[in-house]
There are 2 protein chains.
Amino acid sequence: MILALDAMGGDHGPSEVCRGAISACEEHPDLELVLVGQSSDIEPLLAGVSRDVSGRISIVHAEERIGMDEHPTVAIRKKRRSSLRVAMEMVRSGEASGCVSAGNTGAIVAGGVLVVGRIAGIDRPALGVALPTLNKYTFLLDVGATVRSKPENLFQFAHMGNVYSKKILGVSEPQVALLANGSEEIKGDEVIAGAKTLIKASGLNFSGYVEGDDIPYSRADVVVCDGFSGNVVLKFAEGLMSAVYSILKEEMGHRIMPKFGMVFMIPMMKDLWARFNYEKHGGTPLLGVNGIVVKAHGRSKAPAITNALRVARNFVLQNGVELIREELG
Amino acid sequence: MILALDAMGGDHGPSEVCRGAISACEEHPDLELVLVGQSSDIEPLLAGVSRDVSGRISIVHAEERIGMDEHPTVAIRKKRRSSLRVAMEMVRSGEASGCVSAGNTGAIVAGGVLVVGRIAGIDRPALGVALPTLNKYTFLLDVGATVRSKPENLFQFAHMGNVYSKKILGVSEPQVALLANGSEEIKGDEVIAGAKTLIKASGLNFSGYVEGDDIPYSRADVVVCDGFSGNVVLKFAEGLMSAVYSILKEEMGHRIMPKFGMVFMIPMMKDLWARFNYEKHGGTPLLGVNGIVVKAHGRSKAPAITNALRVARNFVLQNGVELIREELG
C-alpha cells in the first residue's frame with residue numbers, strides 16, 4: 001500500500017515527520033511511503049536507514065509549502081506545487097491510496113474538498129477523533145472541518161461516524177448521540193433539533209442528546225457536533241490534561257514526603273498520561289471526501305506521525321471511503 | 001445581609017441545601033438566610049442547630065417546586081408559589097439582597113429575566129464560572145444562560161465578565177478574550193467576528209481569540225462564548241476530571257507496588273482533586289439581571305451550597321449589580 005506524506009507539514013516537519021515515516025515502515029512491512037516536499041531537506045533525514053525501509057520510501061519533490069497561518073482556500077488554490085496539494089493530487093490520481101499531513105487544518109479540509117473531492121451525498125466534510133474515555137473510545141465529530149453546520153450536515157456526520165465506529169473502531173452497534181447543552185428534549189437550538197428529527201427518522205441507533213460530561217464517561221460511541229464545539233472540546237481536553245500533568249509533576253518535586261512514593265507512582269502517572277494525552281493521539285480522518293486523508297496534530301512529533309499513518313493504513317485496509325459511500329447511498 | 005435560598009432546588013435538596021445553609025451561617029456572622037420551600041420538610045432539618053445560627057435562619061413557606069426537567073419559562077410563569085419563584089420575588093422586592101438556587105438552570109435564568117428583571121442595556125443574561133486553571137482562575141461566560149448569541153450579547157458578556165474579574169476575582173487589568181476554533185483572525189463565524197469588532201472598539205483589554213487549550217493554561221482572565229459552547233466545555237471539564245480521578249483510584253487499587261507509595265500520594269491527589277473538581281466549585285452568578293442571583297450545581301452537596309452562598313455574599317458586598325450597571329452605562 002502506498003501512502004503520500006506531506007513531509008513539510010506541522011510545527012516539527014520535516015525532521016519529525018521523516019522519523020515518524022521510518023517507524024511506520026518498520027512497523028508495517030506492507031507500507032510504502034512517498035514523502036512529498038523539499039527533497040534537499042528530506043534526503044539527509046533518510047540517511048542511514050535500513051535497506052528494507054529505504055526501499056519503501058521515495059521522495060516526490062514539491063518546492064512550495066503552506067504555512068500554518070495561511071488562508072486555507074487561497075493557499076490550496078494558489079500553491080499548486082505545495083507539499084500538501086501535491087500529496088492530495090496523488091490521492092486523487094490513485095498514485096497513493098491515502099495521504100497524511102500535520103499541516104494547516106483549514107488547508108487540509110480545503111484540499112480535501114477542492115483537490116480530492118467530496119463523496120456524492122456529502123455536503124460538508126468532518127474531522128473525527130477517537131477520544132480516549134473512561135472505558136474505551138468515543139468518536140467525536142466534527143472537530144474542526146465545518147465551523148457551523150446545518151441539520152443535514154450533522155445528519156451526514158452521524159452516518160459517517162456510525163460507519164467509522166463500526167468498521168474501524170470495531171463497535172458492533174454504535175450508539176450515536178448529538179452533543180447539546182442538556183439532555184432534555186427542549187435543549188439545543190434549531191439546528192440541533194433539526195438534526196435530531198432527521199437522525200431519529202434514520203436507521204441509526206440514536207440515543208438523543210448527550211452533554212459534555214457524557215463524553216469522558218463514554219455514554220455514546222459516536223458524538224456528533226459542529227466543528228466549532230468539537231474543536232473547542234478537543235483542544236480544551238488537550239490543554240486540561242496537559243495542565244493537570246504539569247501540576248502533578250511540579251507538586252511531586254515540591255513535596256518531601258511524596259518523593260518516596262513517587263518512585264512507585266511514576267509508572268502509573270505515565271500510563272494515565274499516555275492514555276489521556278489527547279495531543280499524541282494523532283490521526284484524525286477527514287470524512288466525506290473521495291479518498292483517504294488523515295490529519296495529524298500540528299504539534300506532532302514522530303510517534304504521532306507514525307500513529308496517523310497507522311490510522312490511514314487501517315482506513316485503506318477497511319476500504320473506508322467505499323463504506324461511507326455505501327452508508328450514504 | 002439577608003439572602004434567600006431555594007431550599008427545594010437541586011438533586012439533594014432540601015437536606016443538603018439546609019446543611020450548606022447552616023455551614024454558611026457559621027462561617028459568616030453577618031449572614032441571615034431565608035430558606036424558601038416546604039416548611040414541613042425544612043423545619044426538622046434545622047433541629048439541634050446552635051442558637052447563634054438558628055436565630056439567623058428563617059423559613060418562608062412555598063408549597064410548589066420546579067422540577068429539574070420542567071420547561072423553564074412555563075414553570076416560572078405558572079408556579080407562582082414555587083420555592084424558586086418566591087426566593088426571586090424576595091430579591092425583586094428588596095426583602096433579600098440576593099438568592100441562591102441549585103434548581104433547574106433554565107428556570108433560574110427565566111426567573112432572573114421575568115421576575116428579577118434585566119439591567120438596562122443588557123439584552124440577555126449570562127452565567128459565569130470561575131474555572132480553576134494552571135495558576136489562577138479563568139472566568140468563563142456564558143456557560144448556559146443564552147444558548148446562541150448575537151455579537152451584541154457577546155459584547156455585553158465581555159463587559160460583565162470584565163467587571164466580575166476585576167471587582168470580585170481581584171484581577172487588576174483583566175485580559176478579555178473570545179473563545180474560537182483557532183487564534184487566527186480568519187477563525188470563528190460571523191457572530192464571533194462581529195463580537196470581535198465590537199469588543200476591539202471598546203476600552204476593554206482585549207486579546208482576540210483564544211482556543212480551548214488556552215482556558216486551562218489561563219491565557220486570558222475572561223473568556224467569552226455563547227451558552228452552548230460554554231456549557232459543553234464546563235460539563236466536559238467536570239466529566240473529564242471525574243473520570244480521570246476514578247481511573248487513578250482504580251489503578252491505585254490494582255497495582256501492588258504503588259500501594260506503598262499511595263500513602264504519600266493520596267494527599268497530593270486530594271489537593272489536585274479539590275482544585276479541579278469543577279462540580280464542587282458551586283456558585284455561578286447570573287449576570288445581567290437586576291439583583292443577585294447565584295446558581296449552584298444541580299448535584300450540589302452541602303459544601304457546594306455553602307460555596308454558592310459565599311459567592312452571593314461576596315457579590316452583594318461588592319455591590320456587583322451596581323458595578324455592572326455602571327460598566328454598561
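What comes next is a walk through the structure. The model shown is predicted, which means the values in this text are computed figures rather than measured ones.

**Topic: the interface of chain B and chain A**
In step 1: Opposite the 59 residues of chain B that make contact, chain A presents 58 residues.
In step 2: Carbon and sulfur atoms supply 74% of the area buried between chain B and chain A, which totals about 5,300 Å² over both sides.
In step 3: Where chain B meets chain A, there are eight salt bridges.
In step 4: Across the salt bridge formed by D226 of chain A and R148 of chain B, the nearest N and O atoms sit 3.9 Å from each other.
In step 5: The interface formed by chain B and chain A holds 12 residue pairs in polar contact (both at pLDDT 80 or more) in total.
In step 6: Breaking the side of chain B that touches chain A down by element, the ones donating at least two residues are α9 (227–254) and α10 (256–276) of chain B.
In step 7: Here the element with the most residues in the side of chain B that touches chain A is α9 of chain B; it accounts for 19 residues.
In step 8: Here the side of chain B that touches chain A is composed, by residue class, of 35 nonpolar, 11 polar and 13 charged.

**Side note on the pattern of salt bridges**
In step 1: Tallied over the full model, the rule gives 32 salt bridges over all chains.
In step 2: In this structure, the salt-bridge partner of K235 of chain A is E211 of chain B, at a minimum N-O distance of 2.3 Å. Of the two residues, K235 of chain A sits in helix α9 (residues 227–254) while E211 of chain B sits in the loop between β8 (206–210) and β9 (222–224), which places them in two different chains. Considered together, K235 of chain A and E211 of chain B belong to a single accessibility category, that of buried residues.

**Concerning the sheet that holds β8 of chain B**
What holds strands together in a sheet is hydrogen bonding between their backbones, with the strands either parallel or antiparallel.
All names here are of chain B.
In step 1: A sheet is described by the order of its strands in space; here 11 strands give the open sequence β3-β2-β1-β4-β11-β10-β5-β6-β9-β7-β8, paired in mixed fashion. Across the chains shown, the open sheet's two edge strands, defined by having one partner strand only, are β3 (57–61) and β8. Between one strand and the next, the sheet's axes are offset by a mean angle of 25 degrees, whatever the strand orientation.
In step 2: Seen against the sheet, helix α6 (residues 105–116) touches β4 (98–101), β5 (126–132), β10 (284–287) and β11 (292–295) and runs at an angle of roughly 175 degrees to β11.

**Details of the sheet that holds strand β8 (residues 206–210) of chain A**
Residues and elements named next belong to chain A.
In step 1: On the basis of which strands lie adjacent, the open sheet formed by 11 strands has the order β3-β2-β1-β4-β11-β10-β5-β6-β9-β7-β8 and mixed pairing. With one partner strand each, in any of the chains shown, β3 (57–61) and β8 form the two edges of the open sheet. If you compare each strand with its neighbour and ignore which way they point, the axes differ by 25 degrees on average.
In step 2: Docked against the sheet, helix α1 (residues 15–27) engages β1 (2–6), β2 (32–37) and β3, running at close to 170 degrees with respect to β2.
In step 3: In the packing of helix α7 (residues 151–168) onto the sheet, contacts are made with β5 (126–132), β6 (137–141), β7 (176–179), β9 (222–224) and β10 (284–287), and the angle to β9 comes to roughly 160 degrees.

**Brief notes about the packing of aromatic side chains**
Residues and elements named next belong to chain A.
In step 1: A full pass over the atoms with the stated rule returns four aromatic pairs over all chains.
In step 2: Ring geometry for F139 against Y164: centres 4.4 Å apart, planes inclined by 15 degrees, an arrangement best described as stacked. Within this pair, whereas F139 is found in strand β6, its partner Y164 is found in helix α7, the two being separated by 25 residues in sequence. Of the two residues, F139 and Y164, both sit in the buried class.
In step 3: In textbook terms, an aromatic cluster arises when at least three aromatic residues are bridged by ring pairs, as seen for F139, Y164 and F315.
In step 4: Sitting above the plane of the F228 ring, R148 keeps its charged end 4.3 Å from the centroid.

**Quick notes on the environment of E27 of chain B**
Residue and element names in this part refer to chain B.
In step 1: Residue position: E27 is located in helix α1 (residues 15–27).
In step 2: Taking the C-alpha atoms as reference, E27 lies 8.9 Å from T306; in sequence the two are 279 residues apart.
In step 3: Among residues more than four places away in sequence, those in contact with E27 are T306 and R310.

Rules used throughout
Residues numbered from 1 in each chain as written. Chains lettered and ligands numbered in written order. Predicted model: local features only at pLDDT ≥ 70, side-chain atom pairs only at ≥ 80, totals over all residues. Heavy atoms only, no water. Contact = heavy atoms within 4.5 Å. Buried area = accessible area lost by both parts, 1.4 Å probe. Salt bridge = Lys/Arg side-chain N within 4 Å of Asp/Glu carboxyl O. Polar contact = N/O pair within 3.5 Å; in protein donor to acceptor, adjacent residues only side chain to side chain. Helix = DSSP H or I, 4+ residues; strand = E, 2+ residues; numbered from the N terminus. Nonpolar A, V, L, I, M, F, W, Y, C, P; charged D, E, K, R; others polar. Buried < 20%, exposed > 50% of the residue type's maximum accessible area, 1.4 Å probe, protein only. Pairing = 2+ DSSP bridges. Axes fitted to C-alpha atoms, helices over the stretch in contact; angles between N-to-C directions. Phe/Tyr/Trp six-rings, centres within 6.5 Å; stacked < 30°, edge-to-face > 60°. Lys NZ or Arg CZ within 6 Å of the ring centre and 35° of its normal.

Take it as geometry only, folks, not as evidence of what the structure does.
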